[in-house]
Amino acid sequence: MPKEQRPTVAYITAASHSGKSASVVLGFLRCRQLQTLDGQRSPFTHYLYMPFRNNGGNYHSCVDEEELMSTCGRNVKLREALGAMYMRDCFRRALNVSYTKYWKAPDSILEVVDTQVSLKNDVSEFMRRSPNGVLLVHVDEHREMCPDPSFRKGALRVLAELANVKVFATYTDIPPLPAQSSSGTCRQAVACLMPDVKTIMEQRLQMPDGLDMGQEAVLLRVATLRVTLGLALQKLLLVGLHVEFSEVETLLKDLNGKLQESAQRIDARLVSCVKICNDIWIRDAASERQGLLDLLCTIEEDDDRVQEQRFPQVVVLQDFLTAPLLVLLRGRDLKDPANMLHRRCQSLFLDVLSRSDTAVVTAGKVLEFAYLWSLGVKSNKYGEVRFGRLMVQFQCQDIEPGSIFEQSGMLNATKVEALKQKVLYYAEGNHPCADLFFKDASGVLYFVDVGGTSNMSKAENKSRKMKAVISRPGLGTVQGIVLLPNVFDCGRIDDDKSMRAVIGVEARQLLGGLVQLLTWLPDD
């Protein structure tokens, strides 16, 4: 017997003005264009937009707690049934291209199944020309329909349980439905679209004549521009991309103006563009976010801690929840013991995006400091870090710069001996490998090298270099770790007990919520 498919409400949750609604519309149109969904034939034939806030003032009115108390008291079942009736009436209004401006609860409340029968007839009438099709109902700003989660649960359920209806909910937090492992109608997380910076730079920015991507200074500054432009676009209203005089258009015009200033060197023009992008987002005041560091480390979507009251403004990464990138880069959580360490790592990372000297403005440095940040906070909170199959007992209390290699590339034994436990070091100066290094609880030295490449030859070379360094005599016990988040096939990478290559999904999970950066960083 095939497994019964439970009704689900798909949802996108992210910060305001981050493109949630646009993602749903684009997804529907793309499915219609390709006629496929998740590799299967797309069933979608109709799209119905049902907003409950914003939309230029055109939305269905909310039901307040006073109305609920007078009609249902505190009876959860009645509130859920009333929510179903409310959705039925809003749906009927939407079919007539109008909105429920004031909704009065009926004198008698129908069971949810009875409301579904009448709603099913409404849907069938609406889709009479495509009786075998599927209607995609986009419930926007779902929390605004009512403050009570039971009411909203009934409103979403009554549609989702109809055979030829798919419900998609968007808001800044999670619908009041159980995770997919539960019985009954469940929620299903869907990732929000992020700005396609690569395409925008190729089609909307006029890179200067003579741009030589073979020059390291140019290549690395272009990489940093991709990250900062992505952050600037996230800050601006994404749906304004097609508006001629939107803030996005102004940004692109300013960037093109800088890129064409022939009096400046090309690398200097790129630095100016990075500064323009940073000025848009980096000066926002830090905000207090409860649970932020849990989200930085990521939380499983079906975790018992996931409650819409506790974790607002989250985004979905596969089956994990995190905070929007801009929130991670500017937010803090004063109630979390790891907050001071988080703030130090955050400050260092922002400094990498802001400085213009060649040694710092690199895609590699962005990724290295992202790992410094995530590994520092994860180990502080959990007292351990898992590198693939290797579990390391380490609890970071501080981060410090360190230099343990001589100019010749040999290790300085005196400096290695002086390394402190519970400190995660980031390399300064010459270092053939080991962008990060630390001593675990038993004093074993760990070298962590970071590579953003997807090129197998470069990945193998990085691993060989690490193995050559840690195999030198007289070092004592040294464990090498190579992190390759853009490599998904181990190929000929030779790892053993002394050197571990952590690739693909496992390497990305170590980045926590900062894995969002990989959308924009080039995989050189």
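For the structure given in this document, a descriptive report is provided here. (Residues numbered from 1 in each chain as written. Predicted model: local features only at pLDDT ≥ 70, side-chain atom pairs only at ≥ 80, totals over all residues. Heavy atoms only, no water.)

## Focus: the sheet that holds strand E5 (residues 134-140)
Next up, step 1: The strand order across the open sheet built from five strands is E4-E5-E6-E1-E7, with neighbouring strands paired in parallel fashion. Of all strands in the sheet, those with a lone pairing partner are strand E4 (44-51) and strand E7 (186-189), marking the two edges. When the angles between neighbouring strand axes are averaged without regard to direction, this sheet yields 25°.
Next up, step 2: Of the pairings in the sheet, the one linking E5 to strand E6 (residues 165-171) comprises six bridges and is parallel in character. Residue pairing in the sheet places Leu136 in a bridge with Lys166 of E6.
Next up, step 3: Helix H3 (residues 76-95) contacts E4 and E5 of the sheet and is inclined by roughly 110° relative to E4.
Next up, step 4: In the packing of helix H5 (residues 149-160) onto the sheet, contacts are made with strand E1 (8-13), E5 and E6, and the angle to E6 comes to roughly 150°. (Pairing = 2+ DSSP bridges. Helix = DSSP H or I, 4+ residues; strand = E, 2+ residues; numbered from the N terminus. Axes fitted to C-alpha atoms, helices over the stretch in contact; angles between N-to-C directions. Contact = heavy atoms within 4.5 Å.)

## Quick notes on the nonpolar core
Next up, step 1: Counting 122 residues, the largest nonpolar core has Tyr371 and Phe387 as its most contacted members.
Next up, step 2: Sequence-distant contacts of Phe387, that is, excluding residues within four places in its chain, are made with Leu375, Val392, Phe438, Val448, Ile481, Leu483, Val502 and Leu510.
Next up, step 3: Ranked by size, the runner-up nonpolar core spans 25 residues in total, among them Leu419, Tyr425, Met466 and Ala501. (Core = buried A, V, L, I, M, F, W, Y, C linked by side-chain atoms within 4.5 Å. Buried < 20%, exposed > 50% of the residue type's maximum accessible area, 1.4 Å probe, protein only.)

## Some remarks on the pattern of salt bridges
Next up, step 1: Per the counting criterion, the structure on display carries 19 salt bridges.
Next up, step 2: The salt bridge partner of Asp294 is Lys381, with a shortest N-O separation of 3.2 Å. In this pair, Asp294 sits in helix H10 (residues 292-297) while Lys381 sits in helix H13 (residues 363-382), placing the two residues 87 residues apart along the sequence.
Next up, step 3: Look at Lys381 and you get partly exposed, because its relative accessible area is 25%. (Salt bridge = Lys/Arg side-chain N within 4 Å of Asp/Glu carboxyl O.)

## Observations concerning the state of the cysteines
Next up, step 1: The full count for this structure, using the stated rule, is zero disulfides.
Next up, step 2: This cysteine, Cys72, is not joined by any disulfide, and Cys146 carries the nearest cysteine sulfur, 9.3 Å off.
Next up, step 3: The class of Cys72 is buried, set by a relative accessible area of 7%.
Next up, step 4: We note that Cys396 lacks a disulfide partner, and the nearest cysteine sulfur, in Cys345, lies 6.5 Å from it.
Next up, step 5: For Cys396, a relative accessible area of 0% puts it in the buried group. (Disulfide = S-S within 2.5 Å.)

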